[in-house]
Amino acid sequence: EKSDDVALLHCQRLVDETRTDVDCGPVVAQMDHLVLHRFGAFIVESKSLKGLVRVKPSPSGGGEWSHQPPGAKAPKGINSPIEQGIRQAEVLRQVLINNKCDLLGKMLGMMQKGFGYMPIQVIVAFGSEATIDREGWNAPEKPFRCAVEKADNVCAVIKQELKRHKRGNRIFAMNPRNDYGLWTMGPDEFERVGAFLLDQHRPLKSTKARKQQSSPQDVTQAKCRKCGATDRLDGKSGRYGPYWECGRCGTNTTMPRTCSACGMRDASYVRVRRQGSEFVRACESCGLSEVVWRRPAG
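Residues numbered from 1 in each chain as written. Predicted model: local features only at pLDDT ≥ 70, side-chain atom pairs only at ≥ 80, totals over all residues. Heavy atoms only, no water.

Draft legend 1. Structural detail: the pattern of salt bridges. Counted according to the given criterion, the structure contains 13 salt bridges. Note that Asp16 is salt-bridged to Arg19, the shortest N-O span being 2.7 Å. In this structure, the salt-bridge partner of Asp231 is Arg248, at a minimum N-O distance of 3.0 Å. Of this pair, Asp231 sits in the loop between helix 5 (207–212) and strand 12 (233–238) while Arg248 sits in the loop between strand 13 (241–246) and strand 14 (252–254); the two residues are 17 residues apart in sequence, bridging distant segments of the chain. A relative accessible area of 54% means that Asp231 is categorised as exposed. One connected set of salt bridges, linked through shared partners, spans Arg54, Asp133 and Glu135. (Salt bridge = Lys/Arg side-chain N within 4 Å of Asp/Glu carboxyl O. Helix = DSSP H or I, 4+ residues; strand = E, 2+ residues; numbered from the N terminus. Buried < 20%, exposed > 50% of the residue type's maximum accessible area, 1.4 Å probe, protein only.)

Draft legend 2. Focus on the packing of helix 1 (residues 81–97) against helix 4 (residues 187–200). With their axes 12 Å apart at the nearest point, helix 1 and helix 4 run at an angle of 110 degrees to one another. Relative to helix 4, the element helix 1 lies roughly perpendicular. As helix 1 runs across helix 4, the sense of the crossing is right-handed. Contact residues: Leu92, Val95 and Leu96 in helix 1; Val193, Phe196 and Leu197 in helix 4. Of the residues in the contact of helix 1 with helix 4, the class split is six nonpolar, no polar and no charged. (Axes fitted to C-alpha atoms, helices over the stretch in contact; angles between N-to-C directions. Parallel < 35°, antiparallel > 145°, perpendicular 65-115°, else oblique. Left-handed = near helix turned anticlockwise from the far one by under 90°. Contact = heavy atoms within 4.5 Å. Nonpolar A, V, L, I, M, F, W, Y, C, P; charged D, E, K, R; others polar.)

Draft legend 3. Expanded view of the state of the cysteines. What the rule picks out here adds up to zero disulfides. The closest cysteine sulfur to the non-disulfide-bonded Cys246 is located on Cys227, 3.7 Å from its own sulfur. (Disulfide = S-S within 2.5 Å.)

Draft legend 4. Broad picture of the sheet that holds strand 1 (residues 6–20). Read across the open sheet, the five strands follow the order 1-2-3-9-11; overall the sheet is mixed. Each edge of the open sheet is held by one strand with a lone partner, namely strand 1 and strand 11 (147–150). Here the average twist between neighbouring strands, direction ignored, is 35 degrees. Along the sheet, helix 1 contacts strand 1, strand 2 (26–37), strand 3 (40–47), strand 9 (120–126) and strand 11; its crossing angle with strand 1, the most-contacted strand, is approximately 75 degrees. Contacts from helix 4 reach strand 1 and strand 2 within the one sheet, and its direction differs from that of strand 1 by about 65 degrees. (Pairing = 2+ DSSP bridges.)

In structure tokens:
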């Protein structure tokens, strides 16, 4: 259903150059689907897992997640896709905040509008080959509803939430405790934000292109965690996975397992393996394979 108040962006990858991630690079968010509307945005995190997905209540609200593929004897824990979407929302919000003066106008011609209170809701979508067992867990509802659904029900959830935002925008003066509808963009602002996000998309270079580059540190800056040395490191495989051994101080530094595309950190889905002179990080969540480190020639 087409609307002048809604825009859909697929495979949106944003880079926040103002912050540094654990691998010493900029903070990155890879969003499967981003639904922008005049009252906020939805981040739809798509999961193609097969088999049984369980989520139990946890103090954080994100839930304790596990996945049992078909034929597996026991489930294994996985990272919360809700929390994954929340991290993506933080990057989206910060990128917008960094550019608020160019994207939004001023209230009453005096006070600069911002994105600090922009509603960004997370929806996790599972394919038809997954069975979801929530075990008494409910997705966060405050201040705005998040959802875990089968993919064919996502559109219905978004339509329902958009109605709440539009209704709240009309009647918020009579119900000041209702967070829905309190933040909004004008038509011109909405158009500017949509065009800006399209322009900010930073596609990931292909693995083939990476392997053809001469430097082995294009994906990860190899650095000793103790002395900071970068020139006397040797890649090795150990009991707890691949690591760098520092020739200066002898300290071992674990090679990072965070996927640079989707942000997955779960060791069950992201593995670093040695392949000849290279150490390659493979992510089962998004399918990316990337060179973490390459042994220098000679």
